[in-house]
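# Secondary and tertiary structure notes
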Amino acid sequence: MPGVMYADHGYWDVYRAWYPLMSILFPEQLGEILQAWVNAYKEGGWLPQFPAPGYRACMTGSLIDSVFADAAVKGVSGFNLNDAYEGLRKHATTPGNPAEGYGRNGLELYLRHQYVPADRIQQSVAETADAAYGDFCIAQIAKVLGKEADHAAFIKRSRNWRNLFDANVKFLRGKNEDGSWVAPFDPIAWGSPYVEGSAWQHRWDVPHDIAGLIEEMGGADAAVAALEQMLRFPPEFNVGAYPGEIHEMSEMAAVAFGQYAHSNQPVHHLLYIFAHAGRPDLTQFWVRKVMQELYTPEAFPGDEDTGSMSAWYILSALGFYPLCPGKAEYTLGSPLFARATLQLPKGKTLVIEGPVIVRMLSMSAVLPLTDNP
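Everything in this summary refers to the structure shown in the same document. (Residues numbered from 1 in each chain as written. Predicted model: local features only at pLDDT ≥ 70, side-chain atom pairs only at ≥ 80, totals over all residues. Heavy atoms only, no water.)

If you walk through the whole model with that rule in mind, you get 19 aromatic pairs. With a centroid separation of 5.7 Å and 40° between ring planes, the pair formed by Tyr15 and Tyr133 is classed as tilted. Here Tyr15, found in the loop between helix 1 (11–14) and helix 2 (18–25), pairs with Tyr133, found in helix 7 (residues 124–144); they are 118 residues apart in sequence, far enough to count as distant. Here Tyr15 matches Tyr133 in class, with each residue buried. Pairing Phe320 with Tyr330 gives two aromatic rings, centres 5.0 Å apart and planes at 65°, and the pair type is edge-to-face. Of this pair, Phe320 sits in strand 3 (residues 320–321) while Tyr330 sits in strand 4 (residues 329–332), and the two are 10 residues apart along the sequence. Residue Phe320 shares its accessibility class with Tyr330, and that shared class is buried. Among the aromatic side chains, those forming a connected cluster through ring pairs are Tyr272, Tyr295, Phe300, Trp312, Tyr313 and Tyr321. Residue placement shows Arg56 over the ring face of Phe50; its charged tip is 4.7 Å from the ring centre. (Phe/Tyr/Trp six-rings, centres within 6.5 Å; stacked < 30°, edge-to-face > 60°. Helix = DSSP H or I, 4+ residues; strand = E, 2+ residues; numbered from the N terminus. Buried < 20%, exposed > 50% of the residue type's maximum accessible area, 1.4 Å probe, protein only. Lys NZ or Arg CZ within 6 Å of the ring centre and 35° of its normal.)

Structure below.
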């Protein structure tokens, strides 16, 4: 069908920071990009998982849910939101063909058990967590469109991550179809039931319900202790389900940040959780430390993955970060500059005063978005 087309942009890599950054700096172009994904849906019958430029099976989840939800709650225009919602709802309710790059992997099992069983589907913890987050994102669009019944149904589904939280070990953990935990539990084993990481990196895969996860961890103090333990724990790994050491393992082990593997995207929101657990000072300290020590010519944290690493740095350097794309809010961090000025579309200017952000942290860790540029 006629229209624009963008390609080679895996949502798993870039939904956390690149798309939210686009919503600030280039919302008009973002609207055109989103219409390209709508065009793909109208032409092929499914929203893509990893457009290349056709359907390609790659990584977990249907993180295009996040991309559309973040734009919807921020008022980004230039694309057909109703058509987008139709496509999002389809892959969340109708089995597709994940092997060919469309539809959610393990959807039928997810709907039956409210989690994806590890003995039936590879990378089951990641698939479950991504599905629950995707459901939350679809719920946000349903709310924008006034679809109250859908909103309630998808919000209920967004709590499914709790079915894989093991209160005994305090990690998200693989569970078999009969309800038994995958054993033995090795928190440094990489790969399935996780993806490109271990239980350590996927422990906080619930960006939409950080408050609920903190509660399950035993409260704010316990959550802070768990985050600090992650940063102190030796950067050891077992190759697990992988046939050998992959570059993400090597990159984690090469720097002194414990199990915080900034070289890959699943951890990019973790340091901002400190602020939500009542310790914004630790968010400031660790975010600043990552920017200063891991973004140098000698110690770049990993492969760029079509803009994800740079987008994290730009947002963090400005002093705020979208811990949960799909919510119209930012978590305050540690601005590198005393003053930064962004020239926005339509002649608008955004001035960020570093000392003001530091003062705001004493009142609230979260900055609600009240005026979309």
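Here the narrative resumes.
It is worth spelling out the sheet that holds strand 4 at this point. Within the open sheet, the three strands sit side by side as 3-4-7. Their pairing is antiparallel. The sheet is open, and its two borders are formed by strand 3 and strand 7 (366–368), each paired with just one other strand. Pairing between strand 4 and strand 7: three bridges, direction antiparallel. The residue of strand 7 that forms the bridge with Glu329 is Pro368. (Pairing = 2+ DSSP bridges.)

All told, the structure shown has 14 salt bridges when counted by the stated rule. Its salt-bridge partner being Lys42, residue Asp83 comes within 3.9 Å of it at the nearest N-O pair. In this pair, Asp83 sits in helix 5 (residues 81–93) while Lys42 sits in helix 3 (residues 27–44), placing the two residues 41 residues apart along the sequence. We classify Lys42 as partly exposed; its relative accessible area is 41%. Between Lys74 and Asp70 there is a salt bridge whose closest N-O contact spans 2.9 Å. (Salt bridge = Lys/Arg side-chain N within 4 Å of Asp/Glu carboxyl O.)

Our focus in this paragraph is helix 9 (residues 210–217). Along helix 9, the residues classified as buried are Ile210, Gly212, Leu213, Ile214 and Met217. Residues of helix 9 that are buried sit in contact with strand 1 (165–166), helix 10 (220–232) and helix 12 (273–276). Residue Gly218 follows helix 9 closely and has a positive phi angle near 110°. (Contact = heavy atoms within 4.5 Å.)

Looking now at the side chain of Arg104. Position of Arg104 among the secondary structure elements: in the loop between helix 5 and helix 6 (107–113). A distance of 3.1 Å separates a polar atom in the side chain of Arg104 from a polar atom in the side chain of Asp65. Polar contacts involving the side chain of Arg104 include one to the side chain of Asp135, which spans 2.9 Å. Leaving out residues up to four positions away in the same chain, Arg104 has contacts with Ser62, Asp65, His91, Ala92, Pro98, Tyr110, Ala131, Gly134, Asp135, Ile138 and Arg157. (Polar contact = N/O pair within 3.5 Å; in protein donor to acceptor, adjacent residues only side chain to side chain.)

Bringing the nonpolar core into the picture now. The biggest cluster of nonpolar side chains holds 106 residues, and the ones touching the most others in it are Tyr19, Trp37, Phe68, Trp204, Tyr260 and Trp312. When residues in this core are grouped by element, the largest group, 11 residues, is from helix 7. Core analysis: the second largest hydrophobic core is formed by seven residues, Tyr242, Ile246, Met252 and Ala261 among them. (Core = buried A, V, L, I, M, F, W, Y, C linked by side-chain atoms within 4.5 Å.)

Tracing the chain through its elements places Ala223 in helix 10. Along the backbone, Ala223 and Ile246 are 23 residues apart, and their C-alpha atoms lie at a distance of 29 Å. Once residues lying within four places of it in the same chain are set aside, the contact partners of Ala223 are Trp204, Ile214, Met217 and Ala277.

Only one face of strand 5 (residues 339–343) is buried, namely the one carrying Ala340 and Leu342, since none of Arg339, Thr341 and Gln343 on the opposite face is buried. As paired strands, strand 5 and strand 6 (residues 349–353) are joined by five bridges and run antiparallel to one another. Residue pairing for strand 6: Thr341 is matched across the bridge by Val351.

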